[in-house]
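# Reading the structure
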Amino acid sequence: MRIISRNAMSLCLTLGALILLACCMSTGAVTTDICEGQQTTLNCGSSVINVVSANYGRTDSVTCISGRPANQISKTDCINPKTFLLVASICNGKKSCYLVASNSVFSDPCYGTYKYLDVTYTCIPPTTGDSGNEETEKEMEAAVTVVTGSSAEIVTGKTVICEGQMTTLNCGSSLIHVVSANYGRTDSVTCISGRPANQIRKTDCINTAISLSLVVSICNGKKSCSLVASNYVFSDPCYGTYKYLDVTYTCIPPRKTVICEGQRTTLNCGSSLIHVVSANYGRTDSVTCISGRPANQIRKTDCINPKTFPLVASICDRKKSCSLVASNSVFSDPCYGTYKYLDVTYTCIPQ
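Before going into details, it helps to say that this report is about the structure given with it.

For the rest of this paragraph, the subject is the overall build of the protein chain. The helix and strand inventory of the protein chain stands at eight helices and 18 strands. A burial count over the protein chain gives 44% of its 351 residues as buried. Relative to all contacts within the protein chain whose residues are 6 or more apart in sequence, the contacts with residues 24 or more apart total 77%. Element-wise, carbon and sulfur atoms account for 51% of the exposed surface of the protein chain, whose accessible area totals about 17300 Å².

It is worth spelling out the state of the cysteines at this point. Evaluated as defined, the whole model comprises 12 disulfides. Sulfur-sulfur distance for the disulfide between Cys260 and Cys289 comes to 2.0 Å. The sign of the S-S torsion, about -85°, decides the handedness of the disulfide formed by Cys260 and Cys289: left-handed. With a gap of 29 residues between them, Cys260 in strand E14 (residues 255-260) and Cys289 in the loop between strand E16 (273-282) and helix H7 (308-316) connect regions that are remote in the sequence. Each disulfide pairs two cysteine sulfurs, and for Cys303 the partner residue is Cys335, the sulfurs being separated by 1.9 Å. One quick way to see it: the torsion about the S-S bond of Cys303 and Cys335 is about -85°, and its sign makes the bridge left-handed. Here Cys303, found in the loop between E16 and H7, pairs with Cys335, found in the loop between helix H8 (328-331) and strand E18 (341-349); they are 32 residues apart in sequence, far enough to count as distant. Of the two residues examined, Cys303 and Cys335, each falls in the buried class.

Below, the discussion takes up the sheet that holds E16. Across the sheet, three strands lie side by side as E14-E18-E16; this open sheet has antiparallel pairing. A strand with exactly one partner marks an edge of an open sheet, and here the two such strands are E14 and E16. When the angles between neighbouring strand axes are averaged without regard to direction, this sheet yields 20°. The sheet strands contacting H7 are E16 and E18, and the helix crosses E16 at an angle near 145°.

It is worth spelling out the pairing of strand E11 (residues 175-184) at this point. E11 sits mainly inside the fold: eight of its 10 residues count as buried. Where E11 lies against strand E13 (residues 244-252), nine bridges are found, and the strand directions are antiparallel. Directly across from Tyr183, in E13, lies its bridge partner Leu245.

A separate point is the pattern of salt bridges. Using the criterion set out here, one finds 11 salt bridges in the structure. The salt bridge involving Glu36 is made with Lys115; its shortest N-O contact spans 3.6 Å. With Glu36 in the loop between strand E4 (30-35) and strand E5 (39-43) and Lys115 in the loop between helix H2 (103-106) and strand E8 (116-124), this pair connects stretches of sequence that are 79 residues apart. For the salt bridge of Glu261 with Lys340, the shortest nitrogen-to-oxygen distance reads 3.7 Å. Residue Glu261 is found in the loop between E14 and strand E15 (264-268), and its partner Lys340 is found in the loop between H8 and E18; the two are separated by 79 residues along the sequence. Here the two residues Glu261 and Lys340 agree in accessibility, since each one is buried. The network of salt bridges with common partners includes Glu36, Asp108 and Lys115.

The rules we used
- Residues numbered from 1 in each chain as written.
- Predicted model: local features only at pLDDT ≥ 70, side-chain atom pairs only at ≥ 80, totals over all residues.
- Heavy atoms only, no water.
- Helix = DSSP H or I, 4+ residues; strand = E, 2+ residues; numbered from the N terminus.
- Buried < 20%, exposed > 50% of the residue type's maximum accessible area, 1.4 Å probe, protein only.
- Contact = heavy atoms within 4.5 Å.
- Areas by Shrake-Rupley, 256 points an atom, 1.4 Å probe, with all protein chains shown as cover.
- Disulfide = S-S within 2.5 Å.
- Pairing = 2+ DSSP bridges.
- Axes fitted to C-alpha atoms, helices over the stretch in contact; angles between N-to-C directions.
- Salt bridge = Lys/Arg side-chain N within 4 Å of Asp/Glu carboxyl O.

This is how it looks when you write it as structure tokens:
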């Protein structure tokens, strides 16, 4: 593992010429590089972490290269704009945080390239209750909707996050379904505290395509998710305008079905539409679908088939009902000799 800490004068990562991931004049900023497959802990002692920039990919041919063939380090424009939001949600406001440079955490932005997680952060004094910015705090508090209701209800929430701020969407035991999202400005009354007129004048600042796809990828199907309203994450749709992230979402109770190998069932959402949250054809415990099965057929409990989810989603997503068969002929056999089952979690989304 190679971990590098150094004082940073500036760090500019460019995707085309569109997304500026970071450019900072630092007075104590620290940059840490974590090679793919390795992990480290950011530690600010009694201060708290403020993530300035982050990228999981590769932007040079000199970092994390030991023992790697040329074809794994030749691509130096490997940028993953989702990295910043994820690292910020893990680390911001904490005294220390644990990070793993892994495709399983950040997804794979450039297949075949050996990557590293490059994080620049500062250690800042912890925020106290007396921030001196009472108006902004009230504005943020009013913007976050507290979702309440029984587990059988579908509840709608709305949150507005002023530029540079962070919040968490929380659906309790239900799952988030993002309805709309825009990072920009569509009025002259939201997030205006302390801002000059020229920063809030433009009210046709729309960035829905990028905003919605990013927020959906971060939040959909989760019980909670953290969002940062930042140009680093969403790019800058209107330079010079002070923006906000406006998100509408619903909290939908999850449904779960388990189909033993060789059996079939039908998912049915009535007049609503199916949205598959997770699916696995295999075995992850020794208590499900065990009737009449010998011990050697239920012993293996780490039987995962990553092809299951996209296949079930292709069969069922956005349909009112769909039929599923738990069979090797459909999903292939991820663990020969083990008696398997199809485990599907889904939500019913109103049209």
